Amino acid sequence: TLVYNNGAGSTVSTEWNSSGGSAGAGVPQNVTVQQGTITMPATARTVPGNLTFNGGGMALSSGGDLSVKGTLALGASNITTATGSKVILPVAASLTRSTGYVVGNLQKNVATGSGVSRTFEIGDAGNYTPVDVTLASVSSAGDLLASTAVPGIPPAAGMPPTGSGISQTKYV
């Protein structure tokens, strides 16, 4: 387990020198943040086990996705994503929280089945605005991304988004 306990914060560098999914070679199995803001580099990083916050927070740099394969235990802490970065929770991962959430982009895996529900624990810098999604039927597993970032100008009231690559967007 790698523990961060610096009130002034820390910048991740050589202690996570691989974006691979297995522990060793600089990749800690579990990470605990006690205090301070952890600044992640602009390259992808994976926590093969659990990422636990007992205080502090985390900021992802642009292009620096963070995957957590175990439990992401936010407690009262936030993870802030930059443009082009996201927090990724693959198939077996889970998220727990008290008041913390992801400020920005959160991607979760969606399994096959009927009545598949996912809650995306997201918000902006000052507001928790979770997104609850229930899919009637999923025939092929995949990933779903929820974001608090507004991709351009929202459509007029009552008008759906248009154009190539359209997607449902929640404007708050």
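S.K.: Hey, could you go over the sheet that holds strand β9 (residues 71-73) for me, with residue numbers and the actual values?
M.R.: Reading across from one edge, β1-β3-β6-β9-β12 is the order of the five strands in this open sheet, with parallel pairing throughout. Pairing within the sheet leaves two strands with one partner each, and these edge strands are β1 (2-5) and β12 (94-96). Here the strands of the sheet are splayed against their neighbours by 15° on average, with no regard to which way each runs. Pairing analysis gives four bridges linking β1 to strand β3 (residues 31-35), with the strands arranged parallel.

S.K.: Mind laying out the sheet that holds strand β13 (residues 102-103), listing which residues take part and the relevant values?
M.R.: With parallel pairing, six strands are arranged side by side in an open sheet as β2-β4-β7-β10-β13-β16. The open sheet has two free edges, formed respectively by β2 (10-11) and β16 (122-123), since each of these has just one partner strand. Examined bridge by bridge, strand β7 (residues 57-59) and strand β10 (residues 79-80) share two bridges and lie parallel to one another. When the sheet's bridge partners are listed, M58 is paired in β10 with I79.

S.K.: Would you mind going over the packing of aromatic side chains in detail, with residue names and values included?
M.R.: Inspection of every chain in the model, using the stated rule, returns one aromatic pair. Each ring, one from Y101 and one from Y128, has its centre 5.4 Å from the other, and the planes form 40°; the classification is tilted. Of this pair, Y101 sits in the loop between β12 and β13 while Y128 sits in the loop between β16 and β17 (131-138), placing them 27 residues apart in sequence. Exposure remark for Y101: the relative accessible area of 6% places this residue in the buried category. Taking relative accessible area as the criterion, Y128 reaches 32% and is therefore assigned partly exposed. Its guanidinium or amino end placed over the ring of Y128, R97 lies 3.9 Å from that ring's centre, counting from NZ or CZ.

S.K.: If you had to explain the pattern of salt bridges to someone new, which residues and values would you point to?
M.R.: Per the counting criterion, the structure on display carries two salt bridges. Notably, a salt bridge pairs K86 with D65, separated by 3.3 Å at the nearest N-O pair. One end of the pair, K86, is in the loop between β10 and β11 (87-89); the other, D65, is in the loop between β7 and β8 (66-68), and 21 residues separate them in sequence. D65 gets classed as buried once you look at its relative accessible area, which sits at 18%. Among the salt bridges present, the one from E121 reaches K108, with a minimum N-O distance of 2.8 Å. Here E121 is found in the loop between β15 (113-120) and β16, whereas its partner K108 is found in strand β14 (residues 105-110), with 13 residues between them in sequence. Each of the two residues, E121 as well as K108, counts as buried.

Rules of the game
Residues numbered from 1 in each chain as written. Predicted model: local features only at pLDDT ≥ 70, side-chain atom pairs only at ≥ 80, totals over all residues. Heavy atoms only, no water. Pairing = 2+ DSSP bridges. Helix = DSSP H or I, 4+ residues; strand = E, 2+ residues; numbered from the N terminus. Axes fitted to C-alpha atoms, helices over the stretch in contact; angles between N-to-C directions. Phe/Tyr/Trp six-rings, centres within 6.5 Å; stacked < 30°, edge-to-face > 60°. Buried < 20%, exposed > 50% of the residue type's maximum accessible area, 1.4 Å probe, protein only. Lys NZ or Arg CZ within 6 Å of the ring centre and 35° of its normal. Salt bridge = Lys/Arg side-chain N within 4 Å of Asp/Glu carboxyl O.

Remember, this is a structural readout, not a statement about activity or role.
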